[in-house]
Number of protein chains: 2
Amino acid sequence: MFQINDHYQKLPGSYLFSTIAKKVSAFTQEHPDRNVIRLGIGDVTQPIVPAVIKALHQAVDEMADADSFRGYAPDLGYDFLRRAIADHDYRARGCEIQEDEIFISDGAKSDSGNIQEIFSAECRIAVTDPVYPVYIDSNVMAGRCGVYDSAAQMWSNVIYMPCTRENGFVPEFPKETPDLIYLCIPNNPTGTTITKTQLQAWVDYANEKGAVIIYDAAYEAYITQADVAHSIYECNGARTCAIEIRSFSKNAGFTGVRLGFTVVPKTLLCGEVSLHGMWARRHGTKYNGAPYIIQRAGEAVYSAAGQAQLKEQIARYMKNAAVIKEGLSAAGYEVYGGVNAPYIWLKTPGKMSSWEFFDYLLENANVVGTPGSGFGPCGEGYFRLTAFGSYENTVAALERIRAM
Amino acid sequence: MFQINDHYQKLPGSYLFSTIAKKVSAFTQEHPDRNVIRLGIGDVTQPIVPAVIKALHQAVDEMADADSFRGYAPDLGYDFLRRAIADHDYRARGCEIQEDEIFISDGAKSDSGNIQEIFSAECRIAVTDPVYPVYIDSNVMAGRCGVYDSAAQMWSNVIYMPCTRENGFVPEFPKETPDLIYLCIPNNPTGTTITKTQLQAWVDYANEKGAVIIYDAAYEAYITQADVAHSIYECNGARTCAIEIRSFSKNAGFTGVRLGFTVVPKTLLCGEVSLHGMWARRHGTKYNGAPYIIQRAGEAVYSAAGQAQLKEQIARYMKNAAVIKEGLSAAGYEVYGGVNAPYIWLKTPGKMSSWEFFDYLLENANVVGTPGSGFGPCGEGYFRLTAFGSYENTVAALERIRAM
């Protein structure tokens, strides 16, 4: 009789967004007259920019003609896209990353879930608390996390690095030595970041301890301050300790288009074994490349027109972030994030829990956000609002919050 | 110090198609005047049909407008596509499969590589020999296959089911009891199939032994004979023992478009644990859905216009298959497959090995095929030709072979 991977059975239910949906649905049924504004989920709302739409149509037409039709893509991505990425995201910032160190994929979620596969089941992971749940859940499935303590909301074999207002949301080196360190910077959910100097200290730490940093830079396009690194490869020594994961979801609105990439430097080794070679083998065996037309869309993101249009799109979201941040501050809230990221992380007033504040906000301002406790125990007492709504809705939401 | 997943180190190099490419490249450099015809790789050559192109353009336009823009897709796929699949591929054939048992993905290669994850590392797998290499390699990476004997080209912990002319390419129940049974029907690489009655015997066997069949039906659109099942769910009892993987690559030419799906019936259980729930959790954690515009393309495959156009496309490939099959037979070769699949599997003449025949064919007919030994030890002495070339090239290739 076959047996299942019983690590899956250890996972607690994933109820955060479904609980939110249920509560909102109950509220709107009870109050059909209220206009509920959703600033909860991290999905974008602005359409794909014209330069990318044009590239998509063009690529679709190529697929209609036998002479320009493209079948199987190269497993690791088309050269035209890898070159654009290497030029714009790395060489232009002085990072020594080559085209063939870039692996094109269908998105950062897949890559950040799959990357743990190339490491030993014995590796210990370290994550920030609060954290994007995929890092932990994918490691639970692989048997690395031990057992779950539902009261503490913590795994016995995971090293947690608290990020709270007490430490300025900057993770500290843990007491125990990790093998894999997940860092999402600028951070989801807190919207905060660390400086390039602080990141350099993490790179030095990883090289010293023989650890690998899985660096999730999905929000780098939102960075506005000069002392924040856009890539971990801006730090010295990152080529021997870091894997970087990037997304087109937030910098180009590709949440429904699906494109991302992962950088594995050829100099990242375990003894004599190249992690680059292992990830290439993983890609070649269990993946068959991103769609040709989507890769052409990705290329258009880097065109002059695409860059100009997307700069404007991001500015619109960041204008929302400023509206939220200033509005909350004026209303007396303690607010973090929103300067280098599209997320605002607020401290709930008094001793209110994250879920109590959720109910309070829904009831009194008809605004939906995300309870911080859904991202880990250190998220308790915090609350996330996103800048991905429309300007009009964002302004209206803040007016209601200030009027509460 | 971090450690790697050392199962990866057990994998022998994957040299089949790169060795072919090198040999062809050397030959064309030496003989720049010869026109080499490639009937080796399983990639399609005909463009995407008009009904699908139209749907792609339309979906791209929707993404350009804030009112019709689509962000994150449902993890498991859009309802419009799951409904079309349930109606056309299952209900129309009398199979009891519901929309929510269908998981949309970026292709059959990803799904057939990832599906093993939800099973215990202790499960023993059974594969046909010859076989599509992904089934074995993905299990090697997960540590299920034991050690590799490079002389025998076999893994110590894999159960092999030989498929040769001696047993009519019909796998026999193995002596040892497997937990997971991989069946690709119609078969890649042999192009042969088994009847519905023979498949029913496998379903009964799996239910009796408590095994799960991973059923790869990527080539079902090429079936021409009435006694061959298009889906394993045409067999009684399949809902308690079978997972079916499907592709749009070969039935709609989507090798570069990337779309597929996997069916996990809710009645497939291990004790009280639902494999459907596990696969949903895997999808929700490590995947973020196929692109919206690609899912609309998939929907168009099932439209009346799409079905008519694709019927014609498949007929063109199958006309090539007939040309190859008849041409080889007339030239005195022993030939299999090509009736319910786009692959022709020929016995090499005399005592010629698969690679000797490769060289012989390249040298004398300037035709490229795939050595059967690349798919497993029982592929030795066989050779694969594909029907995915153009009609003109296929006819020319066969004229040359007959003239050898």
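Per-chain numbering applies: the sequence of each chain, read as written, is numbered from 1 onward. Just so you know, chain letters begin at A and ligand numbers begin at 1, following the order they were written in. Reporting of local features is limited, given that this is a predicted model, to residues whose pLDDT is at least 70; pairs of side-chain atoms are given and counted only at 80 or more, and all residues count toward the totals for whole chains, interfaces and linings. The basis for the side-chain values is all heavy atoms of the structure; hydrogens and waters are excluded.

1. Some points on the interface of chain A and chain B
Here is step 1 of the chain: Between chain A and chain B, the contact holds 77 residues from the first and 77 residues from the second.
Here is step 2 of the chain: By buried area we mean how much accessible surface two parts lose on assembly, using a 1.4 Å probe and totalling the loss over both. Taken over both partners, the interface formed by chain A and chain B buries close to 6300 Å², and the fraction arising from carbon and sulfur atoms is 62%.
Here is step 3 of the chain: Basic side-chain nitrogens of Lys or Arg form a salt bridge, by our definition, when they fall within 4 Å of a carboxyl oxygen of Asp or Glu. Where chain A touches chain B, the interface holds four salt bridges.
Here is step 4 of the chain: Note that A:D137 is salt-bridged to B:R281, the shortest N-O span being 3.6 Å.
Here is step 5 of the chain: When contributions to the side of chain A that touches chain B are tallied by element, the ones reaching two or more residues are α2 (50-63), α4 (108-114), α5 (133-141), β11 (269-270), α7 (275-286) and α8 (292-301) of chain A.
Here is step 6 of the chain: Looking at which element gives the most residues to the side of chain A that touches chain B, the answer is α7(A), with eight residues.
Here is step 7 of the chain: Each residue gets one of three labels, nonpolar for Ala, Val, Leu, Ile, Met, Phe, Trp, Tyr, Cys and Pro, charged for Asp, Glu, Lys and Arg, and polar for the others, Gly among them. Classifying every residue of the side of chain A that touches chain B gives 36 nonpolar, 25 polar and 16 charged. By definition in these notes, contact holds between two residues if any of their heavy atoms fall within 4.5 Å. Only DSSP runs of H or I with at least four residues qualify as helices, and only runs of E with at least two residues qualify as strands; both kinds are numbered from the N terminus onward.

2. Here's the deal with helix α9 (residues 304-330) of chain B
Spacing of three or four residues puts side chains on the same side of an α-helix, whose turn is 3.6 residues.
Residue and element names in this part refer to chain B.
Here is step 1 of the chain: For α9, which comprises 27 residues, the first-to-last C-alpha distance of 39 Å matches the rise-based estimate of 39 Å (1.5 Å per residue) to within 8%.
Here is step 2 of the chain: Those residues of α9 that fall on the buried side of the exposure criterion are G306, L310, Q313, I314, Y317, M318, N320, A321, V323, I324, G327 and L328.
Here is step 3 of the chain: The inward-facing, buried residues of α9 contact α2 (50-63), α8 (292-301), β13 (334-337), β14 (343-347), β17 (382-386) and α11 (391-403). Expected helix span is taken as 1.5 Å per residue step, with the number of steps being one fewer than the number of residues. A 1.4 Å probe rolled over the protein chains alone gives each residue an accessible area, and that area as a share of the maximum for its type sets the label: buried under 20%, exposed over 50%, partly exposed in between.

3. Observations regarding the nonpolar core
Here is step 1 of the chain: Buried Ala, Val, Leu, Ile, Met, Phe, Trp, Tyr and Cys residues that are joined via side-chain atoms within 4.5 Å together make up what is termed a nonpolar core. Among the nonpolar cores identified, the biggest contains 282 residues, and A:F119 and B:F119 are the most heavily contacted of them.
Here is step 2 of the chain: Once residues lying within four places of it in the same chain are set aside, the contact partners of A:F119 are A:R144, A:L180, A:V212, A:I214, A:I243, A:L275, B:F2, B:Q3, B:I4 and B:N5.

4. Remarks on the relation of the copies chain A and chain B
Here is step 1 of the chain: The copies were overlaid by least squares, fitting only the C-alpha atoms of residues that reach a pLDDT of 70 or more in each copy. The operation relating chain A to chain B is a screw motion whose rotation component is 180°, with 0.0 Å of axial translation and a residual RMSD of 0.0 Å. This pairing of chains is accounted for by a two-fold axis. Rotation axis and chain A: the residue whose C-alpha lies nearest the axis is A:H57, separated from it by 3.1 Å.
Here is step 2 of the chain: A shared interface surface links the copies, since 100% of the contact residues of chain A are contact residues in chain B too.

5. Some words on the packing of α2(B) against α8(B)
Residues and elements named next belong to chain B.
Here is step 1 of the chain: Angles here are taken between N-to-C directions and fall from 0 to 180 degrees, while the axes themselves are lines fitted to C-alpha atoms, restricted in helices to the stretch in contact. Where α2 contacts α8, the axes come no closer than 8 Å and their chain directions differ by 150°. What the angle tells us is that α2 and α8 run roughly antiparallel. Handedness of the crossing formed by α2 with α8: right-handed. Across from A51, V52, A55, L56, A59, V60, E62 and M63 in α2, the residues of α8 making contact are Y292, I293, I294, R296, A297, A300 and V301.
Here is step 2 of the chain: Split into classes, the residues belonging to the contact of α2 with α8 amount to 13 nonpolar, no polar and two charged. Angle categories are assigned with fixed cut-offs, so that under 35 degrees is roughly parallel, over 145 is roughly antiparallel, 65 to 115 is roughly perpendicular, and the rest are oblique. Each helix crossing is assigned a hand: it is left-handed if the near helix lies turned anticlockwise from the far helix by less than a right angle, otherwise right-handed if that turn is clockwise.

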